[in-house]
Amino acid sequence: MAKWGEGDERWKVTDLGEQGRNVNSWHWEESNVLPWCQSRLKELFKDVTLVDDGKVRVVTNGKVKVTGDAIINRRKGKVIPAYELDVTVDWKGTTLEDGEPWSGELQAPYISEENHDEDPEVQIRVKESGAEAEKVRSAVVQHGRKVAYGIFRDFVDELRKGGPGLSGDGFEESVSKGMEKKNSEDWSEKTKKAALEKSTSRVEKKSVEIVEHYYASVKDIYECFTNEDKVKAFTGSSASINATAGGSLVMFGGSIEGTFTALKPHSELEMDWRFSSWPDGSLSKVKITLDEAEKGSVTLTLKQTGIPDTDRFGNHDVVNMTQAGWKQQVLSRMKQVFGYGM
């Protein structure tokens with residue numbers, strides 16, 4: 001018989017650490033990766049040139065604020081992310097002609113697994129005021145927003161693949177104190193249930209498509225969306241229209257607000273568009289295409305995506321209200337007021 005403290009080494013149990021507690025990653029493991037998101041986005045937005053068009057130069061200044069939640073669930077090689085982030089990036093700029101300094105920020109208020117396959121809303125703000133400040137803001141909207149979209153796409157791709165550890169720089173270990181890990185025999189079912197509940201509780205996004213025909217020229221119809229006086233005339237309410245890329249639009253006394261993102265004169269318009277009653281951060285994308293197959297006969301095709309299913313007051317008929325609003329208060333009114341009906 002072996003003496004106390006002695007014995008065959010093969011039968012001694014040693015502490016195998018995390019590997020021994022979760023053998024072959026059998027149980028679900030949850031990690032809080034918000035610290036990684038904060039560090040990674042700060043790295044991706046470090047000294048990035050947003051605009052350099054010969055008139056204005058705008059670069060990020062290294063200040064990045066990331067709030068929200070970000071979790072990675074792993075089991076046997078499977079990665080399930082759950083995240084909802086609000087990202088604000090500061091920038092500084094100069095008008096090259098006079099050396100005037102400018103500063104501002106870009107904000108993506110809602111980066112989530114829900115919209116991982118589309119570019120997020122990116123708001124551009126400038127701290128100064130005046131006509132020149134608006135020109136700088138428009139330049140960032142036109143050029144810088146595209147740069148930001150690319151960075152956010154790369155970031156989301158990394159996060160959805162597992163986030164920490166992808167770069168092999170030891171970052172996972174450095175933030176391990178900020179990562180809450182939970183293991184249990186039934187963690188798989190709990191995680192799936194929680195992910196499902198979280199997913200179904202989020203704001204669902206829907207779309208509409210409308211086709212209308214007009215007896216008019218494409219110029220006539222195009223100006224119904226870009227000419228402030230015409231907008232005021234057929235809506236019968238106050239409006240503010242700045243029909244340039246990055247320019248703002250306000251209709252029906254502020255009930256509708258948005259930004260022109262792209263314009264092809266007499267042919268196509270694209271807008272970021274929302275009702276003021278929608279939840280904060282909700283922004284749809286509208287694309288209007290005009291086709292004059294025969295002279296004086298115009299077909300308008302409107303496609304709108306990213307419409308929330310519920311407004312901030314809990315009403316669930318947002319999609320129907322949006323479609324009815326386009327038809328009754330905009331598209332039909334254009335026919336009635338200007339005589340463009342067919």
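Refer to the structure printed above.
What this report covers is the structure whose coordinates are included nearby. (Residues numbered from 1 in each chain as written. Predicted model: local features only at pLDDT ≥ 70, side-chain atom pairs only at ≥ 80, totals over all residues. Heavy atoms only, no water.)

### Description of the side chain of Thr259
Rules: Helix and strand labels come from DSSP, where a helix needs a run of H or I of at least four residues and a strand needs a run of E of at least two; each type is numbered from the N terminus. The contact rule is simple, with two residues in contact once any of their heavy atoms fall within 4.5 Å.
By the element assignment, Thr259 lies in strand S10 (residues 256-264). Contacts of Thr259, omitting those with residues within four sequence positions, involve Arg145, Gly246, Gly247, Ser248, Leu249, Glu270, Met271 and Asp272.

### Section: the side chain of Thr88
Mapping Thr88 onto the fold places it in strand S4 (residues 78-95). Excluding its chain neighbours within four sequence positions, the residues that come into contact with Thr88 are Lys63, Val64, Lys65, Glu105, Leu106 and Gln107.

### So, the pattern of salt bridges
Stated precisely, the cut-off is as follows: A pairing counts as a salt bridge when a side-chain nitrogen of Lys or Arg comes within 4 Å of a carboxyl oxygen of Asp or Glu. Each residue gets one of three labels from its accessible area relative to the maximum for its type: buried under 20%, exposed over 50%, partly exposed in between, using a 1.4 Å probe on protein chains only.
Taken as a whole and assessed by the stated rule, the structure comprises 19 salt bridges. Among the salt bridges present, the one from Asp272 reaches Arg145, with a minimum N-O distance of 3.7 Å. Of the two residues, Asp272 sits in strand S11 (residues 268-275) while Arg145 sits in helix H3 (residues 131-160), which places them 127 residues apart along the sequence. Exposure class is identical for Asp272 and Arg145. Each is buried. Ionic contacts of the salt-bridge type, sharing partners, join the residues Arg40, Glu43 and Glu158 into one network.

### Some words on the nonpolar core
Counted only if it meets this: What makes a nonpolar core is a set of buried Ala, Val, Leu, Ile, Met, Phe, Trp, Tyr and Cys residues whose side-chain atoms join them at distances within 4.5 Å.
Residues Leu85, Val87, Trp91, Phe152 and Phe155 are the most contacted members of the largest nonpolar core, which totals 40 residues. Among the secondary structure elements, those contributing two or more residues to this core are helix H2 (34-44), strand S2 (49-52), strand S3 (56-75), S4, strand S5 (100-112), strand S6 (123-126) and H3. Broken down by element, the residue count for this core peaks at twelve residues, all from H3. Beyond its immediate chain neighbours, meaning those up to four positions away, Phe152 contacts Leu41, Phe45, Val87, Leu106, Ala108, Ile111, Pro120 and Val122. Cys224, Phe225, Met251 and Val286 belong to the second largest nonpolar core, which has 35 residues in total.

### Quick look at the environment of Val147
Note on placement: Val147 falls in helix H3. According to the relative accessible area criterion, Val147 is partly exposed, its value standing at 27%. For the pair Val147 and Phe45, spaced 102 residues apart in sequence, the C-alpha separation works out to 9.9 Å. Apart from the residues within four sequence positions on either side, Val147 is in contact with Val48, Thr49 and Leu50.

### So, the packing of aromatic side chains
Formally: Classification of ring pairs rests on two measures: the distance between centres of Phe, Tyr or Trp rings, Trp counted by its six-membered ring, which must be within 6.5 Å, and the angle between planes, read as stacked under 30 degrees, edge-to-face over 60 and tilted in between. Whether a charge sits over a ring depends on NZ of Lys or CZ of Arg being within 6 Å of the ring centre and within 35 degrees of the ring normal.
For the structure shown, the criterion picks out eight aromatic pairs. Between Trp273 and Phe275 the ring centres are 5.1 Å apart and the planes differ by 75 degrees, which places this aromatic pair in the edge-to-face class. The exposure class of Trp273 is buried, given its relative accessible area of 2%. Chaining the aromatic ring pairs together yields one cluster made of Trp273, Phe275, Trp278 and Trp326. Geometry around Phe338 places Lys230 over its ring, the cationic atom sitting 5.0 Å from the centre. In this structure, Lys335 is placed above the aromatic ring of Tyr214, and the distance from its NZ or CZ to the ring centre is 5.3 Å.

### Here we look at the environment of Asp309
The residue Asp309 is located in the loop between strand S13 (297-308) and helix H8 (318-338) in this model. For the pair Asp309 and Val319, spaced ten residues apart in sequence, the C-alpha separation works out to 6.4 Å.

### What to know about unusual backbone geometry
Its identity as a non-glycine residue notwithstanding, Asp47 has a phi of 50 degrees, on the positive side. Looking at where Asp47 falls in the secondary structure, it is placed in the loop between H2 and S2. Asp47 gets classed as exposed once you look at its relative accessible area, which sits at 56%. In this structure, Phe252 is a non-glycine residue whose phi angle is positive, near 55 degrees. Tracing the backbone through its elements, the reader meets Phe252 in the loop between strand S9 (248-251) and S10. A relative accessible area of 22% places Phe252 in the partly exposed class.

### Focus on the pairing of S13
Our working definition: In this scheme, strands are said to pair when DSSP sees at least two bridges between them.
Direction of pairing for strand S12 (residues 284-294) relative to S13: antiparallel, over a ladder of eight bridges. In the strand pairing of S13, Glu294 is matched with Ser297.

### Considering the environment of Glu100
Among the secondary structure elements, Glu100 is positioned in strand S5. Separated by 32 residues in sequence, Glu100 and Glu132 have C-alpha atoms that sit 9.6 Å apart. Not counting the four nearest positions on each side in its chain, Glu100 is found in contact with Gly93, Thr94 and Thr95.

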